[in-house]
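Observations on the model geometry
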Amino acid sequence: MRLSEMTGKESPAGDLLRGAGKDFLHGQLRCVDEGGGWVRPWRFSADQMRALGSCQAWHPGLFRQMARTTAGICLELTTDSSEIVVELRVDEEPSATRAVLDYVDGAQVEARMPHDGVSLDVDGRHVAAAMPGQDEELMAFALDDPDGAPAGGIMQLPGFGGKHHVRVWLPCLRGCVIRDVLGNGTFLEPVDPRPQLLVLGDSIAQGFVSDDPALSWCALLSQRLGLDLVNQGLGGQVFQPGSFYGFAEGVSPQKIVVEFGANYRYEHCLDRRVTRDIRSYLLEVSRLWPAVPTWVLTPLWHDEQGYPSHSMSCWERVPIFLAAHCAPHDQMRLVDGRRLLDPKTSLMADGFEHPNPQGQRQLALRLAASIEATDETGQDVLRARAKEALRDAPRRAFPLVEAVRRGLGRVVFARVGCVLLELPDGQELFWASDYELGRSVIAAVMKGQVVDALEPGLVRDIELTHGLGEVSPYHLAIYEGSDPLEPDASKDIRVLDESHFSQVRARYSHPEYQTDDQVRALLAAGKVLGGFEGGELVGFIGEHPEGSMGMLEVFEGHRRAGWAQALEAAKINEQLSLGLVPWGEIYPDNRASLRLQRKLGLRVTPSNEQCFLSARVEAELRKEFAQMDEGEAPASEGKAAIFERHAAPEASDSLARLAQELGLRLVDEVCAPPTPLEGDDA
């Protein structure tokens, strides 16, 4: 007999295991006894309910309805039962909920869907939400995986199966009362509480319109971070100071996410009041949890044409207010909400603002990536994670593998399936085998100025997301041996120091690749080798910021004399002596360099596995400056004037970075040469 049959009104349930539902709750602040063993879980305190219904609230009646819902609350337990039954009664759908859902379903009554329900996660497997009938008090769930059942679909005998980890998610758009949980096994054990993720927000945080409480972005985010969820998302809400009364005692968050702002679109609102409320609200959050990392989201993308904003709304200035009022709080990080969701109506359930299940997942993954990238995790921990994530990475990820191993740059993001590292010059090295995770990092974390893309399948995503139209494939050349090369005894090769700066800077054919400070640092660290004839410098070789061998130059009049081979062999031997793997990056059209790498015994990989991406305007400027330096283009105007001629608002970040690389400074958005440093050539 099925468990659902044994719990029928005429069937005794004395042989079934029974536990009080309130003992399994996670995410509630309190439970109120409603008689007969029934309890109502609440996610707002009694004092908060009074504040939400006060004259301080924008819409007291709406807020009272939304606050009764059980968004983010679940029952969590372990059991050896093959089935469980949850006793619960679901409230009627609030009228305010239906008002939002009518934009999804349309006005026809027969087309209406609940877009909510009770759903199950068991052992990492999700069972879609279902809404019990108005008169139903029992919901039965089969726990054994049907795909793992013995031949013929025979179920395990109760108590003889494995141990199941179970989460039953309660509705997010309506409330409910619960009584007992029944099982046919030998134990029902509560799961210990975890540290908490507190989400403060509006209907987008509450779960509109995820269609499933387990698939709302808040629920997905909490699971991604390994935290229990306390969801204080409230349909229609804005920044309401004074709404924390009686709340802090019931929650101890490890992380906080604040998501408000969308509802300012719909009404007349004044800058003065909105900025005051934002300031006061964030100040209250900071006073209650001064040491808890807090991520404050600016409003997500919405389709303004799909639902135009009120003509007297100040919603466009909300991000400015948020930036200003987050800044005084060291534990708060401002997150650009526009980066968390693609500007596509196909991701909106109502066509203009509320994410559908696909949009909810995208939002959760991108915000999780942003949180992980801006958390206070130390570099030692992140570098260890990166090493583990790159353990079985393909050969094309070698530049990133070696940079992590050498301790270069700053590891920005590291999780199995994706690593992002930023070098001091702003260049980013990126690799991902998990494309969904990789796209989240590209969209929400990557700065996207110059990117060394080590996963060809995601190059197009980087191009489109960051507008990097210049794609430069390159070959990897890796010295895989451990024995040093035979040095050319006829060549005088020495370590250069800072006294050689002017010569190196003047002779380097690609000055745009290294700033003056970077070249000086290389010389000071002894990382540039020079070749000498009769005491005169005739060539040199150094390193790029990512650790690759480079800067190989042999001066006119001394070429085809074996200097290039001798200098690179000396560099290879130097790096081997330091326990490093020598390697380089060669563009496909540099055939002479490719021949040299193969002659020295380096393995050369195909150029279709990795590439550099940069903004096209930056690439054009680099090319024009290089032609000027080589005398191939007339220097009728200075580099500062060229910058001004090419300047465009959308390329300002890229131009500013290039100005820094070339030793130019930006003044009032116009580049000008810097004052020469003492000792520099005029």
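Below: a short report on this structure. In this text the structure is predicted, and so the values were computed from the model without any measurement.

Conventions and cut-offs
- Residues numbered from 1 in each chain as written.
- Predicted model: local features only at pLDDT ≥ 70, side-chain atom pairs only at ≥ 80, totals over all residues.
- Heavy atoms only, no water.
- Axes fitted to C-alpha atoms, helices over the stretch in contact; angles between N-to-C directions.
- Helix = DSSP H or I, 4+ residues; strand = E, 2+ residues; numbered from the N terminus.
- Left-handed = near helix turned anticlockwise from the far one by under 90°.
- Contact = heavy atoms within 4.5 Å.
- Nonpolar A, V, L, I, M, F, W, Y, C, P; charged D, E, K, R; others polar.
- Buried < 20%, exposed > 50% of the residue type's maximum accessible area, 1.4 Å probe, protein only.
- Core = buried A, V, L, I, M, F, W, Y, C linked by side-chain atoms within 4.5 Å.
- Phe/Tyr/Trp six-rings, centres within 6.5 Å; stacked < 30°, edge-to-face > 60°.
- Expected span 1.5 Å × (residues − 1).
- Arc of directions from axis to C-beta.

**Points about the packing of helix 7 (residues 271–288) against helix 8 (residues 318–326)**
Relative orientation of the contacting elements helix 7 and helix 8 amounts to 35°, with a least axis distance of 9 Å. You can see that helix 7 and helix 8 cross each other, and the crossing is right-handed. Facing Asp271, Val274, Thr275, Ile278, Arg279 and Leu282 of helix 7, the residues of helix 8 in contact are Val318, Phe321, Leu322, His325 and Cys326. The residue inventory of the contact of helix 7 with helix 8, partitioned by class, reads seven nonpolar, two polar and two charged.

**A closer look at the side chain of Lys491**
Here Lys491 shows up in the loop between strand 23 (475–478) and strand 24 (492–495). Given a relative accessible area of 17%, Lys491 falls into the buried group.

**Section: the nonpolar core**
As a rule of thumb, nonpolar side chains are buried together in soluble globular proteins. Core analysis: the biggest nonpolar cluster contains 53 residues, and Trp217, Leu221, Val257, Leu367, Phe430, Val441 and Ile462 have the highest contact counts within it. Of all the elements, helix 9 (residues 357–374) adds the most residues to this core, at seven residues. With residues near it in sequence (within four places) discarded, Trp217 still touches Val199, Ile204, Ala205, Val257, Glu259, Gln360, Leu363, Ala364 and Leu367. Counting 46 residues, the second-largest nonpolar core is a separate cluster that includes Leu52, Met66, Val238 and Met332.

**Description of the packing of aromatic side chains**
Aromatic ring pairs are defined here through the distance separating the ring centres and the angle between the ring planes. Under the counting rule described, the total for this entry stands at 15 aromatic pairs. Between Phe239 and Phe260, the aromatic rings sit 4.9 Å apart at their centres with planes inclined by 55°, giving tilted as the arrangement. In this pair, Phe239 sits in the loop between strand 14 (228–233) and strand 15 (253–259) while Phe260 sits in the loop between strand 15 and helix 7, placing the two residues 21 residues apart along the sequence. Both residues of the pair, Phe239 and Phe260, belong to the buried class. Between the aromatic rings of Phe540 and Phe555, the centroid separation amounts to 6.0 Å while the plane-to-plane angle is 70°, which identifies the pairing as edge-to-face. Highlighted residues: Phe540 in strand 26 (residues 536–543) and Phe555 in the loop between strand 27 (549–554) and helix 16 (563–577), separated in sequence by 15 residues. Comparing Phe540 with Phe555, the two get one shared label, buried.

**What about helix 7?**
Count 3.6 residues to each turn of an α-helix, and residues three or four apart come out pointing the same way. In this model, helix 7 (18 residues) spans 26 Å end to end at C-alpha, consistent with the 26 Å of a helix rising 1.5 Å per residue. Residues of helix 7 that are buried: Val274, Asp277, Ile278, Tyr281, Leu282, Val285 and Ser286. One side of helix 7 carries all its buried residues, which in axial view fall inside an arc of 165°. Seen from the open side of helix 7, the exposed residues pointing more than 90 degrees away from its buried face are Arg272 and Arg287. Buried residues belonging to helix 7 abut strand 13 (196–201), strand 15, strand 16 (294–297), helix 8 and strand 17 (332–335).

Geometry only, nothing functional implied.
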